[in-house]
Amino acid sequence: RKEVEQDPGPFNVPEGATVAFNCTYSNSASQSFFWYRQDCRKEPKLLMSVYSSGNEDGRFTAQLNRASQYISLLIRDSKLSDSATYLCGTNTGGFKTIFGAGTRLFVKA
Amino acid sequence: GAVVSQHPSWVICKSGTSVKIECRSLDFQATTMFWYRQFPKQSLMLMATSNEGSKATYEQGVEKDKFLINHASLTLSTLTVTSAHPEDSSFYICSASADRVHGWANVLTFGAGSRLTVL
């Protein structure tokens, strides 16, 4: 079993739609959780960290459920520019971060 | 903000040659850097942890003699792919943490990546 697993996608949604991505992790010692965005042939860039209480940044909302070892990302009012691959990452308190395979999102006009 | 510079951004080499990739933290010091590899449409796989002044820590299945890592200063780590073969063709990305910049712990900043093609 992979340490971090994500919905593979791709998700094809129209502009303005709400889309949710899921991620599960197997290491119960995981302490920090992240969502990164990766555009085609580019490096990943931090979208947001995920806190226990859940957090929101504009159209993006991240949730963490430690009991179920589950992380989610909700994107509201999708824009064409949101098209990318979204990577879920976790680490156990150091900097070493393990990523899921990513979920591809295509937002269409 | 935190900037990680990686060079070269792309390289084409012949089979059997060695290729060196540099990763620099430009505005912060990084005692630890990480090297990832990503094949097309696949996940970002951690190869090794580069430790300044000491040996790198390799993930299971990654050949130490194949992928030589040197972290000689607080701002530079290098990855050398020795005797490269076509199956080593991939996107290699380095990263480091500048948590003081972000204000929270353990967030990675990535270099732009190096795309290696071995003919």
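Structure's up top.
Residues numbered from 1 in each chain as written. Chains lettered and ligands numbered in written order. Predicted model: local features only at pLDDT ≥ 70, side-chain atom pairs only at ≥ 80, totals over all residues. Heavy atoms only, no water.

**Observations regarding a nonpolar patch on the surface**
This is how it is decided: Patches here are clusters of residues that have more than 30% relative accessible area and form no salt bridge, with a 9 Å joining cutoff for like charges and a 5 Å cutoff for nonpolar side chains (Val, Leu, Ile, Met, Phe, Trp, Tyr). Note on areas: these come from Shrake-Rupley sampling with a 1.4 Å probe, and a residue is covered only by the protein chains present in the view. Should a side-chain nitrogen of Lys or Arg be within 4 Å of a carboxyl oxygen of Asp or Glu, the pair is scored as a salt bridge. The helix count covers DSSP runs of H or I at least four residues long, the strand count covers runs of E at least two residues long, and both are numbered beginning at the N terminus.
Among the surface-exposed residues, Trp10, Ile12 and Leu119 of chain B lie close enough to one another that they form a single nonpolar patch of about 400 Å² accessible area. Along the chain, the position of isoleucine 12 of chain B falls in strand E2 (residues 10-13).

**Notes on the state of the cysteines**
Residue and element names in this part refer to chain A. The test is simple: Pairs of cysteine sulfur atoms within 2.5 Å are identified as disulfides in what follows. Buried residues are those whose accessible area, probed at 1.4 Å on protein chains only, stays under 20% of the maximum for their type, while exposed residues exceed 50% and partly exposed ones sit between those limits.
This model, assessed by the stated rule, comprises two disulfides over all chains. Across the disulfide from cysteine 23 sits cysteine 88; the S-S distance is 2.0 Å. Negative torsions about the S-S bond denote left-handed disulfides, and the value of about -75° found for cysteine 23 with cysteine 88 makes this one left-handed. Residue cysteine 23 is located in strand E3 (residues 19-25), and its partner cysteine 88 is located in strand E9 (residues 84-91); the two are separated by 65 residues in the primary sequence. As far as the burial class goes, cysteine 23 and cysteine 88 line up, both buried.

**Structural notes on the pattern of salt bridges**
If the charged atoms of two oppositely charged side chains come close together, the side chains can form a pair. All names here are of chain A. Considering all chains together, one arrives at seven salt bridges over all chains under this definition. With a shortest N-O distance of 2.8 Å, aspartate 82 and arginine 59 are connected by a salt bridge. With aspartate 82 in the loop between strand E8 (70-75) and E9 and arginine 59 in the loop between strand E6 (55-57) and strand E7 (60-65), this residue pair connects regions lying 23 residues apart in the sequence.

**So, the side chain of glutamate 43 of chain A**
For clarity, the cut-off: Just so you know, the count uses Lys and Arg for positive and Asp and Glu for negative, and it drops His and the chain ends.
Position of glutamate 43 of chain A relative to the elements: it lies in the loop between strand E4 (32-38) and strand E5 (44-50). It turns out glutamate 43 of chain A is buried and unbridged, and the closest side chain with the opposite charge, lysine 45 of chain A, is 4.2 Å from it.

**Overview of the pairing of strand E5 (residues 44-51) of chain B**
Residue and element names in this part refer to chain B. Note the threshold: Two strands are said to pair when DSSP picks up at least two bridges between them.
Most of E5 is tucked away, with seven of its eight residues classed as buried. Between strand E4 (residues 32-38) and E5, which pair antiparallel in sequence order, lie five residues; one of them, lysine 41, sits at a positive phi of approximately 60°. Summarising the sheet, E5 and strand E6 (residues 57-58) pair through two bridges and their orientation is antiparallel. Each bridged residue has a counterpart across the sheet, and for threonine 49 the counterpart in E6 is threonine 57. Counted along the chain from E5 to the antiparallel partner E6, the turn is five residues long, and its residue glycine 53 has a positive phi close to 80°.

**Some thoughts on the interface of chain A and chain B**
Put simply, the rule reads: By definition in these notes, contact holds between two residues if any of their heavy atoms fall within 4.5 Å. Note on terms: buried area is the combined drop in 1.4 Å-probe accessible area of two parts once they are placed together, counting the loss on both. Definition of a polar contact: a pair of N or O atoms within 3.5 Å, with one able to donate and the other able to accept a hydrogen when the atoms are protein atoms, and with sequence-neighbouring residues admitted only if both atoms are side-chain atoms. Each residue is assigned to one of three groups, with Ala, Val, Leu, Ile, Met, Phe, Trp, Tyr, Cys and Pro labelled nonpolar, Asp, Glu, Lys and Arg labelled charged, and all others, Gly among them, labelled polar.
Each partner contributes residues to the interface: chain A has 23 residues there, and chain B has 24 residues. When the two sides are added together, the surface that chain A and chain B hide from each other amounts to roughly 1,800 Å², 58% of it contributed by carbon and sulfur. Counting the surface chain A buries against chain B, the share from its top three residues, Glu43, Phe95 and Lys96 of chain A, is 31%. Our enumeration of links across chain A and chain B arrives at one salt bridge. Its salt-bridge partner being glutamate 59 of chain B, residue lysine 96 of chain A comes within 3.0 Å of it at the nearest N-O pair. Between the two partners, chain A and chain B, sit four residue pairs in polar contact (both at pLDDT 80 or more). Broken down by secondary-structure element, the contributors of at least two residues to the side of chain A that touches chain B are E4, E5, E9 and strand E10 (98-99) of chain A. The dominant element in the side of chain A that touches chain B, judged by the number of residues it contributes, is E4 of chain A, at four residues. Grouping the constituent residues of the side of chain A that touches chain B by class yields 10 nonpolar, eight polar and five charged.

**With respect to the environment of serine 9 of chain B**
By the secondary structure assignment, serine 9 of chain B is in the loop between strand E1 (4-7) and E2. Setting aside residues up to four positions removed in sequence, serine 9 of chain B forms contacts with Gly113, Ser114 and Arg115 of chain B.

**What about the layout of surface pockets?**
Quick reminder of the rule: A 1.4 Å probe that fits but cannot get out identifies a cavity on a 1 Å grid over protein atoms alone, an open set with protein on both sides within 12 Å along at least five of seven lines counts as a pocket, and a residue lines either if it has an atom within 4 Å of a point. Grid points are joined across faces, edges and corners, and a volume is the space filled by probe spheres set on the points.
Volume-wise, the largest pocket comes out at about 580 Å³. Around the largest pocket, the lining is made up of 22 residues, and of these Thr85 and Arg104 of chain A together with Pro40, Lys41 and Gln42 of chain B lie nearest the centre. The set of elements that each furnish at least two residues to the lining of the largest pocket consists of E9 and strand E11 (103-108) of chain A. Of the residues belonging to the lining of the largest pocket, the class tally is 10 nonpolar, six polar and six charged. In this structure, the second largest pocket occupies an estimated 380 Å³ of space. Ile98 of chain A together with Ser43, Leu44, Met45 and Leu46 of chain B are, among the 19 residues lining the second largest pocket, the residues nearest its centre.

**Quick word on the nonpolar core**
For clarity, the cut-off: Residues belong to a common nonpolar core when they are buried Ala, Val, Leu, Ile, Met, Phe, Trp, Tyr or Cys residues joined through side-chain atoms within 4.5 Å.
Grouped together as the largest cluster of nonpolar side chains are 36 residues, with contacts concentrated most on Trp35 and Ile71 of chain A. With 27 residues, the next largest nonpolar core counts Cys13, Ala30, Val62 and Ala96 of chain B among its residues.

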